[in-house]
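Residues per chain are reported as follows:
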Amino acid sequence: ASPFAFLLTLGLNERALGQFERLVSALASRCRPLAVDLIGGDLSAAEKFLVSITAFGRFAEGARPLLRSAAQPGQRIFVSRPIGGAAAGLGLLRNGWTIDSSGNANAPPAATVSYAQKEFARSALLRQVDPEPEIALGVRLGSLDGVGACIDLSDGLSSDLNRLCQASRCGAVIERERIPAFPDLAANAHSLGIRDPLAAVLHGGED
């Protein structure tokens, strides 16, 4: 489905209240290119900062929902892009990396990193903090007869593939070496403090 509107519920504590205009501006800047409108919601004071979004989408004529329960034995399993980047970005944030509003990655104060490592860190951090929704791909897949089940990898390949298999009442065989990993993940992981690149690929979410 193509998104067209959303509801936004915000529970604002004192710290979040100071960032309110920045938050709303950021939401608007991402919604504008997608022609998605904010049509309502709720705003209240809260002890802890809360954001809840309900999105609405439309199916194109002839399109069908992509259900996690529609897999069939013998079908192949695909991911739409290399995975593990968002988990690597989360690891970098936990290790003291930051990314500024211009998209520049900044290493922890005591770290010495190369240009290539900084570029890798930037790509991974953006995958975590500024993911690109694959709307056009979803719409296209919904129009193809050969596509079976589909699921997002917000909780990681291992968890979400298991959910898909349970819903479809079938199993899956994965060949580890054929999973497309985020570019340069293995080469940069240990030097940047990312403990286990394979775990990022298999279990890391938000891809």
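What you see is a predicted model, and the numbers here were worked out from it, not measured in a lab.

Draft legend 1. A look at the nonpolar core. Judged by nonpolar contacts, the single largest core of 22 residues is most densely connected at L92, W97, F120 and L185. Breaking this core down by element, the ones donating at least two residues are α3 (85-94), α4 (115-129), α6 (157-168) and α8 (197-203). Broken down by element, this core gets its largest block of residues, four residues, from α4. Membership of the second largest hydrophobic core comes to seven residues, among which are F6, L8, A16 and C31.

Draft legend 2. Representation of the packing of aromatic side chains within the structure. Taken as a whole and judged by the stated rule, the model has two aromatic pairs. Look at F4 and F56: their rings are 6.5 Å apart centre to centre, the planes differ by 40°, and that puts the pair in the tilted class. A residue pair is termed long-range when its members are at least 10 positions apart, and F4 in strand β1 (residues 2-12) and F56 in strand β3 (residues 50-58) qualify at 52 residues. Taking the ring centre of F4 as reference, the NZ or CZ of R58 above it sits at 3.7 Å.

Draft legend 3. Fine view of the pairing of strand β2 (residues 37-45). Taken across its nine residues, β2 has zero buried, putting it largely on the surface. Relative to β2, β1 is paired through eight bridges, and the arrangement is parallel. Pairing of T9 across the sheet is with D42, part of β2.

Draft legend 4. Focus on the sheet that holds β2. Pairing is mixed across the open sheet formed by three strands, whose spatial order is β2-β1-β3. Each edge of the open sheet carries a strand with a single partner, namely β2 and β3. Each adjacent strand pair in this sheet contributes to an overall mean axis angle of 15°, direction not counted. Where β1 and β3 come together, nine bridges link them in antiparallel fashion.

What counts, and where the lines are drawn
Residues numbered from 1 in each chain as written. Predicted model: local features only at pLDDT ≥ 70, side-chain atom pairs only at ≥ 80, totals over all residues. Heavy atoms only, no water. Core = buried A, V, L, I, M, F, W, Y, C linked by side-chain atoms within 4.5 Å. Buried < 20%, exposed > 50% of the residue type's maximum accessible area, 1.4 Å probe, protein only. Helix = DSSP H or I, 4+ residues; strand = E, 2+ residues; numbered from the N terminus. Phe/Tyr/Trp six-rings, centres within 6.5 Å; stacked < 30°, edge-to-face > 60°. Lys NZ or Arg CZ within 6 Å of the ring centre and 35° of its normal. Pairing = 2+ DSSP bridges. Axes fitted to C-alpha atoms, helices over the stretch in contact; angles between N-to-C directions.

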